Amino acid sequence: MAFWKKILMKVNNKWYPKSVLVGSPVSTEQLCKRIAAESTVSAADVRAVFTALAPIMADYMAQGRSVKLDGIGTFYFTAIAVKGGVPTEKEVTANMIAGVRVRFIPETRFSKSSAGSGNGKRAVRGLSDVEIEWEEWKGVEKKKPAKPKKP
């Protein structure tokens, strides 16, 4: 079951539903145990693969490649440029790259859609093509700690 709450957007002063995360994040250990229970590999084998996955993906992405995981999606790096830019193309250098972001695009599949929707296919994003039952959140959310004020 997924949860939502009502929020007021300050930009337009209108109300919208917003998804709410509950509980703590699912741990790697929980994933390992569940995958092991639903497959023929041990939790230790799953953990070994997870441990190797991140640095290997990062290495390929550092080579300018994207990494596609079937049924999940594609990961790739993008550069974060320094603010302000420069007036001419000749002034652009790699030194202007201030950081890196990891980007993710969920896998897209095409499935037959119901009649009356054009070509009979609809795009379905991986990981989000699940039946979700939404329930309004009535619990208490943990407040984020206040950011310290700058002197």
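Residues numbered from 1 in each chain as written. Predicted model: local features only at pLDDT ≥ 70, side-chain atom pairs only at ≥ 80, totals over all residues. Heavy atoms only, no water.

Caption draft 1: Just the overall build of the chain, in detail. Helix and strand counts for the chain come out as 2 helices and 8 strands. The secondary structure elements of the chain, listed N-terminal to C-terminal, are β-β-α-α-β-β-β-β-β-β. Residues classed as buried in the chain amount to 11% of the 151 residues present. Taking as baseline every contact in the chain between residues at least 6 positions apart, the subset at least 24 positions apart corresponds to 32%. With the model as given, the accessible surface of the chain reaches about 13,200 Å², and the carbon-plus-sulfur share is 58%. (Helix = DSSP H or I, 4+ residues; strand = E, 2+ residues; numbered from the N terminus. Buried < 20%, exposed > 50% of the residue type's maximum accessible area, 1.4 Å probe, protein only. Contact = heavy atoms within 4.5 Å. Areas by Shrake-Rupley, 256 points an atom, 1.4 Å probe, with all protein chains shown as cover.)

Caption draft 2: Region of interest: the packing of helix 1 (residues 28-37) against helix 2 (residues 43-62). Contact geometry of helix 1 with helix 2 gives a least axis separation of 8 Å together with a crossing angle of 125 degrees. With respect to helix 2, the axis of helix 1 lies oblique. Along this stretch, helix 1 crosses helix 2, giving a crossing that reads as right-handed. Contacts from Thr-28, Glu-29, Leu-31, Cys-32, Lys-33, Ile-35 and Ala-36 in helix 1 reach Ala-43, Val-46, Arg-47 and Phe-50 in helix 2. (Axes fitted to C-alpha atoms, helices over the stretch in contact; angles between N-to-C directions. Parallel < 35°, antiparallel > 145°, perpendicular 65-115°, else oblique. Left-handed = near helix turned anticlockwise from the far one by under 90°.)

Caption draft 3: Just a nonpolar patch on the surface, in detail. On the surface, Val-26, Leu-31, Ile-35 and Val-41 cluster together into a nonpolar patch covering about 310 Å² of accessible area. Here Val-41 shows up in the loop between helix 1 and helix 2. (Patch = residues over 30% accessible without salt bridge, like charges linked within 9 Å, V, L, I, M, F, W, Y side chains within 5 Å. Salt bridge = Lys/Arg side-chain N within 4 Å of Asp/Glu carboxyl O.)

Caption draft 4: Quick look at the sheet that holds strand 8 (residues 134-136). Ordered by their spatial adjacency, 3 strands build an open sheet running 2-1-8, and the pairing between neighbours is mixed. What marks the edges here is a single partner per strand, and that holds for strand 2 (14-20) and strand 8. Averaged over all pairs of adjacent strands, the angle between strand axes in this sheet comes to 45 degrees, irrespective of strand direction. For strand 1 (residues 2-9) and strand 8, the ladder comprises 3 bridges, and the chain directions are parallel. Bridge pairing in strand 8 links Phe-3 to Glu-135. (Pairing = 2+ DSSP bridges.)

Caption draft 5: Examining the side chain of Glu-107 more closely. Along the chain, the position of Glu-107 falls in the loop between strand 5 (97-106) and strand 6 (108-112). Note on Glu-107: relative accessible area 14%, which makes it buried. Side-chain polar atoms of Glu-107 contact the backbone nitrogen of Gly-71, separated by 2.8 Å. (Polar contact = N/O pair within 3.5 Å; in protein donor to acceptor, adjacent residues only side chain to side chain.)

Caption draft 6: Structural context of helix 2. Compared with an ideal rise of 1.5 Å per residue, which puts 20 residues at 28 Å, helix 2 spans 29 Å between its outermost C-alpha atoms and is within 8% of the ideal. Most pronounced at Leu-53, the bend in helix 2 amounts to some 30 degrees, and the proline Pro-55 follows within four residues. Listing the buried residues of helix 2 in full gives Val-46, Met-57 and Met-61. As for helix 2, its buried residues are in contact with helix 1, strand 3 (67-69) and strand 4 (73-81). (Expected span 1.5 Å × (residues − 1). Bend = angle between axes of the 7 residues up to and from the residue.)

Caption draft 7: Inspection of the packing of aromatic side chains at higher detail. For the structure shown, the criterion picks out 2 aromatic pairs. Between the aromatic rings of Phe-3 and Trp-137, the centroid separation amounts to 5.1 Å while the plane-to-plane angle is 80 degrees, which identifies the pairing as edge-to-face. Placement of Phe-3 in strand 1 and of Trp-137 in the segment after strand 8 is noted, with a sequence separation of 134 residues between them. Here the aromatic rings of Phe-75 and Phe-104 are separated by 4.8 Å at their centres, their planes lie at 40 degrees, and the arrangement is tilted. You can see Phe-75 sitting in strand 4 and its partner Phe-104 sitting in strand 5, a full 29 residues away along the chain. (Phe/Tyr/Trp six-rings, centres within 6.5 Å; stacked < 30°, edge-to-face > 60°.)

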